[in-house]
Each structure stands twice: as structure tokens, then as C-alpha cells.
Amino acid sequence: MLELQHINITFRKGLIGRGSKPVLEDVSLSISKGELVSIIGFSGSGKTTLARIAVRSINPDKGKIILDGEDISRLGFKEMSRYRSRLQMVFQHPEGALNPEMTLGDSLREAVRKAGYSGKSFEEKLDSLCAELEIKKELLNRYPMQVSGGEIQRIALARALAFDPNYIFMDEPTSMLDASVQAQILKVILSRKESMGMGIVLVTHDLDIVRSISDRVIAIDKGKIVAEGTAEEVFSSQIPYIKDYVDSWNELESINRNIGLHA
Ligand SMILES: Nc1ncnc2c1ncn2[C@@H]1O[C@H](COP(=O)(O)OP(=O)(O)OP(=O)(O)O)[C@@H](O)[C@H]1O
Ligand SMILES: [Mg+2]
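Residues numbered from 1 in each chain as written. Chains lettered and ligands numbered in written order. Predicted model: local features only at pLDDT ≥ 70, side-chain atom pairs only at ≥ 80, totals over all residues.

**As for helix α6 (residues 179-196)**
At 3.6 residues per turn, the α-helix brings residues three or four places apart onto the same side.
Thought 1: Across its 18 residues, α6 extends 25 Å between first and last C-alpha, which sits within 8% of the 26 Å expected from 1.5 Å per residue.
Thought 2: In the stretch just after α6, Gly197 is the one whose phi turns positive, near 70°. (Helix = DSSP H or I, 4+ residues; strand = E, 2+ residues; numbered from the N terminus. Expected span 1.5 Å × (residues − 1).)

**Topic: the site of ligand 1**
Thought 1: Near ligand 1 the following residues occur: Phe11, Val23, Gly41, Ser43, Gly44, Ser45, Gly46, Lys47, Thr48, Thr49 and Gln92.
Thought 2: No other element matches helix α1 (residues 47-54), which puts three residues into the shell around ligand 1.
Thought 3: Residues belonging to the shell around ligand 1 are distributed by class as follows: two nonpolar, eight polar and one charged. (Near = placed C-beta within 6 Å. Nonpolar A, V, L, I, M, F, W, Y, C, P; charged D, E, K, R; others polar.)

**Some details on the sheet that holds strand β7 (residues 167-171)**
Thought 1: Ordered in space as β6-β7-β8-β3-β9-β10, the six strands form an open sheet in which the pairing is mixed. Of all the strands in the sheet, the pair left with one neighbour each is β6 (87-90) and β10 (224-229). In this sheet, adjacent strand axes meet at a mean angle of 15° when their direction is disregarded.
Thought 2: With four bridges joining them, β6 and β7 adopt parallel strand pairing. Bridge pairing in β7 links Met89 to Phe169. (Pairing = 2+ DSSP bridges. Axes fitted to C-alpha atoms, helices over the stretch in contact; angles between N-to-C directions.)

**Examining helix α3 (residues 104-114)**
Thought 1: Every buried residue of α3 is accounted for by Leu104, Ser107, Leu108, Arg109, Ala111 and Val112.
Thought 2: Those residues of α3 hidden inside the fold are in contact with α4 (119-132) and α5 (149-161).
Thought 3: In the stretch just after α3, Gly116 is the one whose phi turns positive, near 100°. (Buried ≥ 20, exposed ≤ 12 C-beta atoms within 10 Å, placed from the backbone. Contact = placed C-beta atoms within 7 Å.)

**Concerning the sheet that holds strand β5 (residues 70-71)**
Thought 1: The strand order β2-β1-β4-β5 describes an open sheet built from four strands, whose pairing is antiparallel. Lying at the two open borders of the sheet, with one neighbouring strand each, are β2 (22-31) and β5.
Thought 2: With six bridges joining them, strand β1 (residues 2-10) and β2 adopt antiparallel strand pairing. For Thr10, the partnering residue across the bridge sits in β2 and is Pro22.
Thought 3: Running at roughly 125° to β1, α1 makes contact with β1, β2 and β4 (62-67) of the sheet.

Set out below in C-alpha cells:
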């Protein structure tokens, strides 16, 4: 189980930090193996910050991160590299995580090597990741600037999955993709959840996806958890984010009805 306990963080403005508001305030959550937890909330509510704290890419001011009973809150960058196979993150802007001067193939090979593969098993792992994510070999020769957002997203996910992580944080993994690539990526992570018990934390604004695949949903508003439960429970709560969504969805339905898209 991965647990975040009483996380607080404030990004201080200027030198003395007067007027700074906390971005996360006393946030606690846990994710079990084989579970899919979605985190939803308005833009700027602190979702990405929370994910980055969970994978130790930034330090909270207060609070703990406990991975399978072990407190990893104070481990340094080098020590954290031992935990790559347990905890991975796919970033909201994955192009930023790739070296622009490396081909996509070299970026992917780097991850496979760091995951401990060599020789014949190295090639096998590379092939199986490319097959799993439907990455064509020809794509591997290109640089990040020469490929589409969907292709970058698949490479970023393949790099994370190279480690066969127990837990993965995916920050807006489908927002810039067309429906068929979205479906493909979701299929891959759901199959990892089933076959390997991978725990998934999905940050997304797509509430249709949230509704259809989450075991549990957590809603954050201005840095605090305001609702938690099954999708049905959270969606029937009166929190503004959900209400706005349901309202705009109903509005869209009525527009469709009026122009005759639905009988
Ligand atoms: N490194 C930073 N320095 C200062 N402020 C930051 C930093 N990172 C995030 N913030 C601020 O913290 C708040 C929360 O940002 P965060 O990226 O976590 O939001 P989010 O919920 O992921 O939003 P979105 O849905 O738009 O991705 C925002 O007001 C943002 O401007
Ligand atoms: Mg974000």
C-alpha cells in the first residue's frame, strides 16, 4: 500500500513569503495494489503537486509518504532510485520529461537499462513494451520534436512500465489524445492492473473516464480533499466541481436533443 499522510505544502512567494496560501493542506490518501483511484478537481486545485509529492519529485513541508510500510519521505534522489520498480509517474507534459537531444528509442532503452535488463532480455523487454503500447520500431529513430503528442505519451508510458511498477501516477495521460489512443492507453493500464495488480492513481478532467474505470474517486478543491468514495457517491455529492460538470453535461445533452442528434 502507498500512503500519503497529512501532506502540506506552500510555494512561498518572494523572499518572506507573505500572502502565500497553502497549495495542499492536510491531505491524506492511500492506494492499494490492484486499485484504480482517480483524483479530480478544478485546474490549480493541487492535483499535480500531490502526485509529484507522492513520487518524491518534490518535498512536502509536512507529512509522510509510506510505501509498503516503509517511510520514504526523507530519502534522497539516489536512494529513491532503488524504488523505481515500485513507484513511477507519467507527467502531465511528458515531452518535458524527455531529453530533446535523444531519440525516443534511446530514451526508452535508457529506461529498460535502468530497470536492470541486459543482453537478450534487454531486447525482449524492449520488444514487449513496443508491442504492448503499439509503438512502431520506426518511431524509435525520431526525436521528440518530430512526433505527435500521442506518440510521446506512449513512449513516456512505456518508459514508466519498463520498471513494472507496483504503483503508477498518471497525470492527465489522455487529455491530448484522440479517442482511439485514449482507449488504447487505458486498456494497457487496466490490463496491468488485472494481470500484475498494478495500483493506479489517475489524475484527469475527463469525468466520463473517471466514472467508467475508477474503484475510488477523490475530489480535491483548493488543496483539500472535499469528497471521497465510489464514482457514484462522489458524483452525487454537491461539490461545485461535480455540479458544474453535471450541469454542463446536461446542457450539452439538451443542445444535442434540440439539434436532433439524439432522438
Ligand atoms: N513550483 C511551483 N511554484 C509555485 N507555485 C506552484 C508550483 N507548482 C504549482 N504551483 C501552484 O500550485 C497550485 C496547484 O498547482 P497544480 O499544478 O498542482 O494544479 P492542478 O490541480 O494539477 O491543475 P491542472 O488541472 O491545471 O493541471 C497552482 O496555483 C500553481 O500555480
Ligand atoms: Mg495538473
